[in-house]
Amino acid sequence: MSTTAPIGEDKIVAKVTSKHVPIYVMGKRYDVPDSLTIMKAMEYAGYKFIRGCGCRGGICGACGTVYKKPDDYKIHVGLACQTVVQEGMHLTQIPFYPATRTVFDYEQTPAVAEAVFKAYPELFRCVACNACTKICPMDVPVMDYVAAIKRGDFEKATELSFDCIQCGLCASRCMAEMAQYHIAQMVRRIYGGKIKPKATHLAVMVDNVKAGKFKDGLEQLKKADVATLKQLYMSKDAREIEPNMSEDEWVPTNNAYL
Amino acid sequence: MPYPQALKELIKKVEATRPERVARKKKGEEVPFMSLDERAATLQFHPDVKEEGRRALLVGPSKGYRLAHEYADLLEAMPRVDPDKVDLSTPHIETDVLVIGGGGAGTAAALLAQEQGAKVLVATKLRHGDANTMMAEGGIQGCSKGHKDSPYYHYLDVMGGGHFVNVPELVETLVTEAPDVLQWLEHLGMNFSKFPDGRLKTMHGGGTSRKRMHYAADITGAEIMRTIRDEARNRAADITVLEFSPAVELILDDQGKCAGALLYNMETEEYLVVRAKAVVMATGGSGRLHVQSFMTTNHYGATFDGVVMAYRAGVPVCFLHTIQYHPTGVVFPEQAEGILITEKFRGIGANLVNVEGNQFVNEREPRDVEAAAIIKECTKKGLGVPTPTGRFGVWLDSPMIEDLHGPGTVEKEFPGKHILYERFGIDISKEPMLIYPTLHYQNGGLEYQSDGSTRIAGLYVAGEVGGGVHGENRLMGNSLLDILVFGRLAGAAAGVYAKAKGASLGKLSLDHVRVFTKELQESKVGADRVSPLLLPDYTLLDTKSRQLTSHYVGSLR
């Protein structure tokens, strides 16, 4: 494919070339620059991803990767898009791992721990081996949040599981064969939607919008010409700017369109 | 890798000016915002103004419109499939509503279409949720605090950020639907950052007059995506998701109404005919085209596909002459190059400073102005910080956040970025980040109305693939809002349309593809290119020279 501005190698390797090191992708050796992430190194070697590549920014959970280093018995883990290659590493991606997810009717589900226990009874097969925590590429304390769920402490479980990217590596190691990340998702939704106090100011605003409170002001703006809009936009009165270090209670001097 | 010694020396200059900058900030003394004239002068350094970077389209409904070569290359390209080879007489799948794209806009559309009683198929190129939505960090705008904010001020901010050329009706819809969207998310169990009494925490973004950026730590988009995706999975009886199956062509009926799409299973390389009573196009943006060779914050699948398909079917494009470069992308360490550093860092008070340790711009200008100011500092003024990889950047002074808001704030408010840098041996609560503008957002796109409808009956548009609501420049936090406002409206409208008018679908047709191909041939353009692109190609030229399969185009054999 020809394009006027070709997409190509300058996107992978920065101008300064670095030292090459051997890595083993699913057992096969490739020599790659030692400054690259596993993902870019595989592309450098000629792989083109369909699976195992998503956001390329460490948040989507598509590129969970396990590897071993020479002279080290441990299984190591990382996201391919975030982990820099190491000399002699043996790696494979685990872009998908089968996991049980229970369908639940969110509206009808009560905010009690038993609802989660019923949806995921395997929670109680946890033997606290901590393999889940050890393999988590995001350093989420998986076993601890599972324990919090079992105690019914959804606030704690939400806090501990919040950085989960749902890559599924925890489920791949679980002796109880549960999908911790699906359970945590259910818990976070119940906590966020049914336990955490609601924003009453938001409910008031929704009602005010529905009652048409802001219609006239918006009509004026929609009809205004560009010169008028510019004048309003730059006006320190019509569009007063809330100071950056102000408290939540700050109020503007001109409240004509509130 | 940690900062090398040369950079550590330069960081001392940032530390030298920090106490004074913090003191000024605490007193409320800011570097003045630019006047509109100063903004215009600064924007001369924005990549959008480079005329050699674009050309006029020679074919299609927006013929003559000048846009980036990278866009034009894909709009002026041959289809992936010869229409004569596709048997449309017996569709493989039938559904009420087909949603193309499994990000935030597509998922919101699927939920709302389902609520109208429609059976929904979501076709997505990667996994459900692999989308820019997932990567959005800083927050979602929307007025929620009546004592200081209203849709009126949100409207003014959106217009000012977009250079006053936004489509007014779309802006009105965006700002008036915003509170409802926030409440919908809260109801579905999204964990907003809140005060103990339930009040939503809010802050500024570039170009906002009131603090109306709502957030969930620094992973707001991920929290939104995983919440609404979970809800879609609960409705699996009505919402089917087909992963790794992007659409490559829209299918119309013999009266020109939208009637489905041709999907491509990237793993088995089969094409599937889907007959649908209504279609929602929600394929997102195009950062992976690397316009003007810029690095990008976008996810792997952001390749312009939806614009290409709908343009071929006759939908015009608008506002595509502007592209958003996020002011703060990582430029060093190299491993994280292009990755987004959320605007929330600047919203909460971190300054931008040059190689001398001096502030050169207010950190809360609209994104295009901020990005242009950084490029100007590094090019014309020569005050950029040189990186070991031969590039330039400026400092984003994250440690001053600790001085402003207390020790531990950086790790608490920015856990994602803290851990990212920690892996490279950099503690961003103690050392600043080195950043440069990075290709972030497709401001323009397909023309659509407030309910998502287009000039093709039965075809709806939602999210980044559309253009108009953000004018020539989007403000922070209005993209997560956009995808949910218009995703919900488009989904609901498509569901209603499918129920009411879906029965009148005629014979399926790909004639519009034949007509477009003929136009290309007559204009003698695009014969050597194929689109939609589906995935970017990062294969080295050297490796490519040994990949001898003929007609190798992306994942197509």
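Residues numbered from 1 in each chain as written. Chains lettered and ligands numbered in written order. Predicted model: local features only at pLDDT ≥ 70, side-chain atom pairs only at ≥ 80, totals over all residues. Heavy atoms only, no water.

**Overview of the overall build of chain B**
And step 1. A count of helical and extended segments in chain B gives 17 helices and 19 strands.
And step 2. C-alpha atoms of chain B, sized along the principal axes, occupy 75 × 60 × 45 Å.
And step 3. Long-range pairs, those at least 24 residues apart, make up 76% of the contacts in chain B with a sequence separation of at least 6.
And step 4. With 62 positive and 70 negative side-chain charges, chain B shows a separation of 1 Å between the mean positions of the two kinds. (Helix = DSSP H or I, 4+ residues; strand = E, 2+ residues; numbered from the N terminus. Contact = heavy atoms within 4.5 Å. Lys, Arg positive; Asp, Glu negative; His and termini not counted. Charge placed at Lys NZ, Arg CZ, Asp CG, Glu CD.)

**A word on helix 16 (residues 511-523) of chain B**
Residues and elements named next belong to chain B.
And step 1. Between its first and last C-alpha, helix 16 extends 18 Å over 13 residues, near the 18 Å set by a 1.5 Å rise per residue.
And step 2. Contacts made by the buried residues of helix 16 are with helix 3 (69-75), strand 8 (247-253), helix 9 (305-313) and strand 19 (508-509).
And step 3. K524 sits one or two residues past helix 16 and shows a positive phi near 55°. (Expected span 1.5 Å × (residues − 1).)

**Re the interface of chain B and chain A**
And step 1. Taken together, the 124 residues of chain B in the interface contact 101 residues of chain A.
And step 2. Taking both sides of the interface into account, the surface hidden between chain B and chain A amounts to around 9900 Å²; carbon and sulfur atoms contribute 56%.
And step 3. The tally of links from chain B across to chain A stands at twelve salt bridges.
And step 4. Across the salt bridge formed by E267 of chain B and R51 of chain A, the nearest N and O atoms sit 2.4 Å from each other.
And step 5. Counting every contact that joins chain B to chain A gives 43 residue pairs in polar contact (both at pLDDT 80 or more).
And step 6. Top contributing element to the side of chain B that touches chain A by residue count: helix 7 (residues 168-188) of chain B, with twelve residues. (Buried area = accessible area lost by both parts, 1.4 Å probe. Salt bridge = Lys/Arg side-chain N within 4 Å of Asp/Glu carboxyl O. Polar contact = N/O pair within 3.5 Å; in protein donor to acceptor, adjacent residues only side chain to side chain.)

**Remarks on the environment of I428 of chain B**
Residue and element names in this part refer to chain B.
And step 1. Secondary-structure assignment places I428 in the loop between helix 14 (415-423) and strand 16 (433-441).
And step 2. In this structure I428 comes out as buried when scored by relative accessible area, which is 0%.
And step 3. Put simply, I428 and P399 are 29 residues apart on the chain and 6.5 Å apart in space, counted from C-alpha to C-alpha.
And step 4. Apart from the residues within four sequence positions on either side, I428 is in contact with F345, S398, P399, V410, K417, H418, Y421 and M433. (Buried < 20%, exposed > 50% of the residue type's maximum accessible area, 1.4 Å probe, protein only.)

**Points about the domain arrangement of chain B**
Residues and elements named next belong to chain B.
And step 1. As assigned here, chain B comprises domain 1 (5-49 + 324-440) and domain 2 (94-141 + 166-176 + 240-321 + 442-509).
And step 2. Averaged C-alpha coordinates put domain 1 and domain 2 at centres separated by 34 Å.
And step 3. Counting residues at the interface gives 25 residues for domain 1, matched by 19 residues for domain 2.
And step 4. Contact between domain 1 and domain 2 buries roughly 1800 Å² in total, counting both sides, with carbon and sulfur atoms accounting for 51%.
And step 5. Interface area lost by domain 1 to domain 2 is led by Q324, L439 and H440, which between them contribute 33%.
And step 6. Counting every contact that joins domain 1 to domain 2 gives 14 residue pairs in polar contact (both at pLDDT 80 or more). (Domains from an automatic or database assignment.)

**Quick word on the pairing of strand 8 of chain B**
Residues and elements named next belong to chain B.
And step 1. Strand 8 sits mainly inside the fold: seven of its seven residues count as buried.
And step 2. As paired strands, strand 8 and strand 9 (residues 258-265) are joined by five bridges and run antiparallel to one another. For E249, the partnering residue across the bridge sits in strand 9 and is L262.
And step 3. In sequence, strand 8 turns back onto strand 9 through a hairpin of four residues, with G256 there showing a positive phi of about 90°. (Pairing = 2+ DSSP bridges.)

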